[in-house]
Amino acid sequence: MLTSFSDINWKLILILLLVSCVVAFIGDVVGMRVGKKRISIFGLRPRYTSSLITVLSGLFIMLFTLAVLLTTSETVRTAIFSMKIVQRQITDLTAQLQESRSELDDLKEELEASKRELFKKQEELSEVEERLRESEERLAKAERELREARKAQSKAEKNLEALERIKKDLQEDIKVLQAESQALKQGLEELKEGKIVVFSGEVIAEKLLTSNPNGWDPSVVESELIRSAQRNIAFRAKSKPEDIKIELEENVRKSIEEYCKQNKRYILRLVALENTVRGKPILAGLVGFESKLIYKKGHTLAVEILPAGLDRDSAEMYLYGILREVNVKAKEDGVLPDPIRGTVGNLDALDFFNVLEKIENAEKTLKIVVEAAEDIYTEGPVRVKIHVLQLE
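Predicted model only: the values in this text are computed from it and were never measured. (Residues numbered from 1 in each chain as written. Predicted model: local features only at pLDDT ≥ 70, side-chain atom pairs only at ≥ 80, totals over all residues. Heavy atoms only, no water.)

1. Some thoughts on a positive patch on the surface
Taken together, the side chains of Lys141, Arg144, Arg147 and Lys151 make up a positively charged region of the molecular surface. Structurally, the position occupied by arginine 147 is in helix α5 (residues 83-192). (Patch = residues over 30% accessible without salt bridge, like charges linked within 9 Å, V, L, I, M, F, W, Y side chains within 5 Å. Areas by Shrake-Rupley, 256 points an atom, 1.4 Å probe, with all protein chains shown as cover. Salt bridge = Lys/Arg side-chain N within 4 Å of Asp/Glu carboxyl O. Lys, Arg positive; Asp, Glu negative; His and termini not counted. Charge placed at Lys NZ, Arg CZ, Asp CG, Glu CD. Helix = DSSP H or I, 4+ residues; strand = E, 2+ residues; numbered from the N terminus.)

Structure representation (structure tokens):
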């Protein structure tokens, strides 16, 4: 309400009232003067002339007011000259407004439908994203499995190639073994007939070269090796040493010369290179090793605790086990094994049975101590002494 009063053009109203009063006053004065002077206009009587002037004054006031309003107010001009146009515009705008409202309602309905569709699409998008995530996980898993499968395939191909090579090598080995088997069969037949006097890889002679300031004569060393081999084989073959023929490889004499120049302890071995039957020359090669002190006399090689009350078989089994351990340990420490039997030492049979009798049916727990019976070098053999101690 206050806003409506404040919007009224009070200044214009006051001017109109003031001008109307002034014009009315002037009209009244003019009318009175015309009446007093009894002026006649258009042949009218003075009384009617006065009334005409008053009417004209009122008309002038109205025209003046209208002119002032038209001059000062855009709204009045619009109301007088453009009212119908404004009304048509209002009508058109009202229709457009109604149409816009209808369109707005339609748009609201479309918006709601779009929102529902958008929500539905969002749900579908979420489902698609979930399926996509699952598909990506399955794809990643499939890719990992594919890589693993490819690696496995590559590994399998490499293994296949390796197996092919192994197969080829085995086939070659089979051929070699078949040939060796045939040779062994022949050798076995010859052995049964008593024809083989030496086997391939067998040590037929051995010579120890100790440190000698004057050096060794290679020809003497060679002769001693050959004579030793002849005596060893002749004893086995039950023949005379001079009947045994020894042939050396080409490089044997040169190797002997080299070893004789060394002022060190060496063990030289003549080794048969093939199975040889009676009456045939024996082809031998030379193997040399630097001889070092492995165990001093009295060195403890094994210690074992045995329970009391063992029978003979159990005692023998324990004793053989201890000796096998000593054999393995000595080879690991550097003692050369026999190339045929694979052992490094021996124990006198009398000593073995004496120890066995002490172990058998012992009433107390026993401590078995195996010691080196003498200084033991690389060439061996490992001669041992066994002590049997009773434990309280």
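Past the structure itself, the notes keep going.
2. Remarks on the packing of aromatic side chains
Counted under the stated rule, the structure contains zero aromatic pairs. When the ring centre of tyrosine 377 is taken as origin, the NZ or CZ atom of arginine 265, which lies over that ring, is 3.6 Å away. (Phe/Tyr/Trp six-rings, centres within 6.5 Å; stacked < 30°, edge-to-face > 60°. Lys NZ or Arg CZ within 6 Å of the ring centre and 35° of its normal.)

3. A few points about the pattern of salt bridges
A full pass over the atoms with the stated rule returns nine salt bridges. Glutamate 222 is the salt-bridge partner of arginine 253, the closest N and O atoms lying 2.9 Å from each other. Of the two residues, arginine 253 is situated in helix α7 (residues 252-261) and glutamate 222 in helix α6 (residues 218-237); the sequence distance between them amounts to 31 residues. Judged by its relative accessible area of 45%, arginine 253 is partly exposed. A salt bridge links arginine 383 to glutamate 374; its shortest N-O distance comes to 3.1 Å. Overall, the relative accessible area of 32% leaves glutamate 374 in the partly exposed class. One connected set of salt bridges, linked through shared partners, spans Glu117, Lys121 and Glu124. (Buried < 20%, exposed > 50% of the residue type's maximum accessible area, 1.4 Å probe, protein only.)

4. Side note on the pairing of strand β10 (residues 366-372)
When you tally the buried positions in β10, you get five out of seven residues, the bulk of the element. Sheet analysis places strand β8 (residues 300-306) next to β10, joined by six bridges and oriented antiparallel. Along β10, the bridge assignment pairs isoleucine 305 with lysine 367. Pairing of β10 with strand β12 (residues 382-390), which is carried by seven bridges, proceeds in the antiparallel orientation. Counted as the bridge partner of glutamate 371 is lysine 385 from β12. (Pairing = 2+ DSSP bridges.)

5. Remarks on the packing of α6 against α7
For the pair α6 and α7, the least separation of the axes is 9 Å and the interaxial angle reads 120°. Taken together, the axes of α6 and α7 lie oblique to each other. For the pair α6 and α7, the sense of crossing is right-handed. Mapping the contact onto sequence places Pro218, Val221, Glu222 and Leu225 in α6 and Arg253, Ile256, Glu257 and Cys260 in α7. Partitioning the contact of α6 with α7 into residue classes produces five nonpolar, no polar and three charged. (Axes fitted to C-alpha atoms, helices over the stretch in contact; angles between N-to-C directions. Parallel < 35°, antiparallel > 145°, perpendicular 65-115°, else oblique. Left-handed = near helix turned anticlockwise from the far one by under 90°. Contact = heavy atoms within 4.5 Å. Nonpolar A, V, L, I, M, F, W, Y, C, P; charged D, E, K, R; others polar.)

6. Let's talk about the sheet that holds strand β3 (residues 246-248)
Think of a sheet as strands paired side by side through backbone hydrogen bonds, with each pair either parallel or antiparallel. Across the sheet, which stays open at both edges, the four strands sit in the order β2-β4-β6-β3 with mixed pairing between neighbours. The open sheet terminates on both sides in strands that have one partner only, identified here as β2 (203-209) and β3. For this sheet the average axis-to-axis angle between neighbouring strands, irrespective of direction, equals 30°. Pairing of strand β4 (residues 266-272) with strand β6 (residues 282-290) involves seven bridges; the strand directions are antiparallel.

7. Concerning the environment of serine 239
In this structure, serine 239 sits in the loop between α6 and β3. By relative accessible area, which is 29% here, serine 239 ends up partly exposed. Linking serine 239 and arginine 278, residues 39 residues apart in sequence, is a C-alpha distance of 9.9 Å.

8. Observations regarding the pairing of β4
Successive side chains on a regular strand alternate, one facing one side of the sheet and the next facing the other. The buried fraction of β4 amounts to seven of the seven residues, a majority that puts the element mostly inside the structure. The alternating pattern of β4 places Tyr266, Leu268, Leu270 and Ala272 and Ile267, Arg269 and Val271 on opposite faces, both of which are buried. In terms of strand pairing, β2 meets β4 through six bridges, oriented antiparallel. Across the sheet, the residue bridging to alanine 205 is leucine 270, located in β4.

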